[in-house]
Amino acid sequence: MPEFAWRAAAADGQLVEGRTEAAEAALVLRQLRERGLTPIRVDDAAGLPAGDDRAALPGLRTGLRAGLRAQGSPVKPADVLALTSELAIMLRAGLALDSALRVLIEMSHKPSVRAMLEKVLEDVKGGAPFSRALTAHRAHFGDFYINMVRSGEASGQMSQVLERLVAHMNRLRALRESVISATLYPAILLGVALLSLVGMLGFVVPQFEKLFADMGDALPLPTRFVMLLGQGFKHYGLALAVGAVLAVWLLARWLRTPAGRAWWQARLLRLPVLGPLVLKYQLTLFARSLGTLLGNGVPLLSSLHIATETVTHLALRQALAKMAPMVKEGSRIVPAMRATGVFEPLAINLVRVGEETGRIGPMMSELADILDREVETGIKRALTLLEPALILLLGLLIAGIIVSILLGILSVNDLAG
């Protein structure tokens, strides 16, 4: 089995070297990543003298590139997070930016990510700053990311800024995943409830049609209603299913339009339990982004503009957009926050303390942590109420169908008697 010599960077930035026996270089790369190392170089040890540590870091070989290529797919936020994390480790280990970008290109297993990094490297080699090279790929990185990188260039602390970016993206991803995970079980429960009702009305209820066929008006009203529903599902079930799917598709398509999105978001905030949670979730995005930007030296006006764009709720974004013009005209940030009408007194008081002490950025980050905890607590409380409510509703509906059928059977027995 061939032996490969490798060099990698640990999470603390220390360079680690070693030799590993494997069938191919791709397996070595996989083992290094499983150990939490960021590969920098993998070479066939057969062609290297013992102890060779080559100062140059040429990257992985062409065979490794070919072995790691995957089918083309668009660049995703997870790809940006991964390359940011690896880039931060390599810069902390002492690699120059262009060398680190070359290593990322060689390690990339997605053609779309590779093409993007190759264009960034070409611009950097042409003399453009890293932040300017990223602006051509604004759709993938966004203004927040680019301005953070620009602040790292100005302060000479690029690796530290990239580490903060990784931490920021991880926190936002954890918040989104917690929201998605929390809503997954109720969605499954609701789907099971609908399938159970369709099964009862479409297959169970029609079995009693012959039994109740000659009863006519002698059947109890609940039984007649349930039998009517069962006949509807039996004869028009396919049409109802197609109509429901078409209606959901049209509704989803309309909600993606600006008008539909504005209509839905305006009503979302008015819901009794979900509305406050949505508001706090959106304000968490704003506060986290603003605190991170200010903590890395981005000017307040620029930070306000960028943080406002991270809010996905249109009405809230319009309210938060009032802050930057007020601050530009000389207002302090606390009156600007109060003018939006979306911040609670706790948030305003926290930022007032930060403004008086010159620590607005840390106070915004603290506010984001508080809102984050409130969102998680609110979701848990809502689910504590929602799950038994759905189970109770499903039980009542199925019990209603069963009781209606039993009433019909009892009516048959009474007539027979």
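If you're wondering where the values come from, they're calculated on a predicted model, not measured in any experiment. (Residues numbered from 1 in each chain as written. Predicted model: local features only at pLDDT ≥ 70, side-chain atom pairs only at ≥ 80, totals over all residues. Heavy atoms only, no water.)

Undergrad: Explain the overall build of the chain to me, using residue names and the numbers behind them.
TA: Within the chain, the regular secondary structure consists of 17 helices and three strands. Across the 417 residues that make up the chain, the buried fraction comes to 41%. A sequence separation of at least 24 residues applies to 59% of the contacts in the chain between residues at least 6 apart. Roughly 22300 Å² of accessible area belongs to the chain as shown, and the carbon and sulfur atoms make up 62% of that amount. (Helix = DSSP H or I, 4+ residues; strand = E, 2+ residues; numbered from the N terminus. Buried < 20%, exposed > 50% of the residue type's maximum accessible area, 1.4 Å probe, protein only. Contact = heavy atoms within 4.5 Å. Areas by Shrake-Rupley, 256 points an atom, 1.4 Å probe, with all protein chains shown as cover.)

Undergrad: How would you sum up the packing of helix α8 (residues 158-204) against helix α11 (residues 274-295)? Please name residues and give values.
TA: Contact pair α8 / α11: the axes reach a minimum separation of 11 Å and the direction vectors enclose 175 degrees. Comparing their axes, α11 and α8 come out roughly antiparallel. Residues Arg164, His168, Arg171, Leu172, Leu175, Arg176 and Val179 of α8 pack against Tyr281, Thr284, Leu285, Arg288, Ser289, Thr292 and Gly295 of α11. The residue makeup of the contact of α8 with α11, split by class, is five nonpolar, five polar and four charged. (Axes fitted to C-alpha atoms, helices over the stretch in contact; angles between N-to-C directions. Parallel < 35°, antiparallel > 145°, perpendicular 65-115°, else oblique. Nonpolar A, V, L, I, M, F, W, Y, C, P; charged D, E, K, R; others polar.)

Undergrad: Give me the lowdown on the packing of helix α7 (residues 138-155) against α11, citing residues and values where you can.
TA: Following both chains from N to C, one finds α7 and α11 inclined at 20 degrees, their axes separated by 10 Å at the closest point. One element, α7, and the other, α11, form an angle in the roughly parallel class. Regarding α7 and α11, the two cross each other, and that crossing is left-handed. Packed against α7, whose contacting residues are Phe144, Asn147 and Met148, the element α11 presents Ser289, Thr292 and Leu293 at the interface. Of the residues that constitute the contact of α7 with α11, the class distribution is three nonpolar, three polar and no charged. (Left-handed = near helix turned anticlockwise from the far one by under 90°.)

Undergrad: Give me the lowdown on the nonpolar core, citing residues and values where you can.
TA: Grouped together as the largest cluster of nonpolar side chains are 41 residues, with contacts concentrated most on Phe130, Tyr145 and Leu162. Of all the secondary-structure elements, those providing two or more residues to this core are α3 (77-92), α4 (97-107), α5 (111-125), α6 (130-135), α7 and α8. The element contributing the most residues to this core is α3, with seven residues. Among residues more than four places away in sequence, those in contact with Tyr145 are Val80, Leu83, Thr84, Leu134, Leu162, Leu165 and Met169. Among the nonpolar cores identified, the runner-up in size contains 31 residues, and Leu294, Leu316, Met323 and Leu350 belong to it. (Core = buried A, V, L, I, M, F, W, Y, C linked by side-chain atoms within 4.5 Å.)

Undergrad: Please provide a residue-by-residue account of the packing of aromatic side chains, values included.
TA: A full pass over the atoms with the stated rule returns three aromatic pairs. Seen from their ring centres, Trp254 and Trp263 are 5.6 Å apart, and the 55 degrees between their planes marks the pair as tilted. Exposure remark for Trp263: the relative accessible area of 37% places this residue in the partly exposed category. (Phe/Tyr/Trp six-rings, centres within 6.5 Å; stacked < 30°, edge-to-face > 60°.)

Undergrad: Which residues make up the confidence of the model for the chain, and what are the values?
TA: Looking at the chain as a whole, its pLDDT mean stands at 80, while 87% of the residues score no less than 70. Mean pLDDT in the chain bottoms out at helix α2 (residues 62-68), which sits at 39, and peaks at helix α14 (residues 323-328), which reaches 92. The model gives residues 48-71 a pLDDT under 50, and that stretch makes 49 contacts with residues more than four places away or in other chains. (pLDDT = per-residue confidence, 0-100.)

Undergrad: Describe in detail the environment of Leu393, supporting the description with residues and values.
TA: Looking at the element boundaries, Leu393 is found in helix α17 (residues 360-416). For the pair Leu393 and Ala193, spaced 200 residues apart in sequence, the C-alpha separation works out to 8.7 Å.

Undergrad: Give a description of a nonpolar patch on the surface that names residues and reports values.
TA: Residues Leu251, Trp254, Trp263, Trp264, Leu271 and Leu274 make up a contiguous nonpolar surface patch of roughly 560 Å² in combined accessible area. Inspection of the secondary structure assignment puts Leu251 in helix α9 (residues 221-255). Leu251 gets classed as partly exposed once you look at its relative accessible area, which sits at 45%. (Patch = residues over 30% accessible without salt bridge, like charges linked within 9 Å, V, L, I, M, F, W, Y side chains within 5 Å. Salt bridge = Lys/Arg side-chain N within 4 Å of Asp/Glu carboxyl O.)

Undergrad: Just give me the short version of α5, but keep the residues and values in it.
TA: The periodicity of an α-helix, 3.6 residues per turn, causes residues three or four places apart in sequence to face the same way. Look at α5: 21 Å from first C-alpha to last across 15 residues, which is about the 21 Å you get at 1.5 Å a residue. All of the buried residues in α5 are Val113, Arg114, Met116, Leu117, Val120, Leu121, Asp123 and Val124. Looking one or two places after α5, you find Gly127, whose phi comes out positive at around 105 degrees. (Expected span 1.5 Å × (residues − 1).)

Undergrad: Could you give an account of α9, naming the residues involved and the relevant values?
TA: Between its first and last C-alpha atoms α9 spans 39 Å; for 35 residues at 1.5 Å apiece the expected length is 51 Å, and the helix comes up short by more than 12%. In α9, a bend of some 80 degrees at Tyr236 exceeds every other bend along the element. Every buried residue of α9 is accounted for by Thr223, Val226, Met227, Gly230, Gly232 and Gly237. (Bend = angle between axes of the 7 residues up to and from the residue.)

Undergrad: Lay out the side chain of Asp79 with the relevant residues and their values.
TA: Assignment of secondary structure puts Asp79 in helix α3. With residues near it in sequence (within four places) discarded, Asp79 still touches Pro74, Lys110 and Val113.

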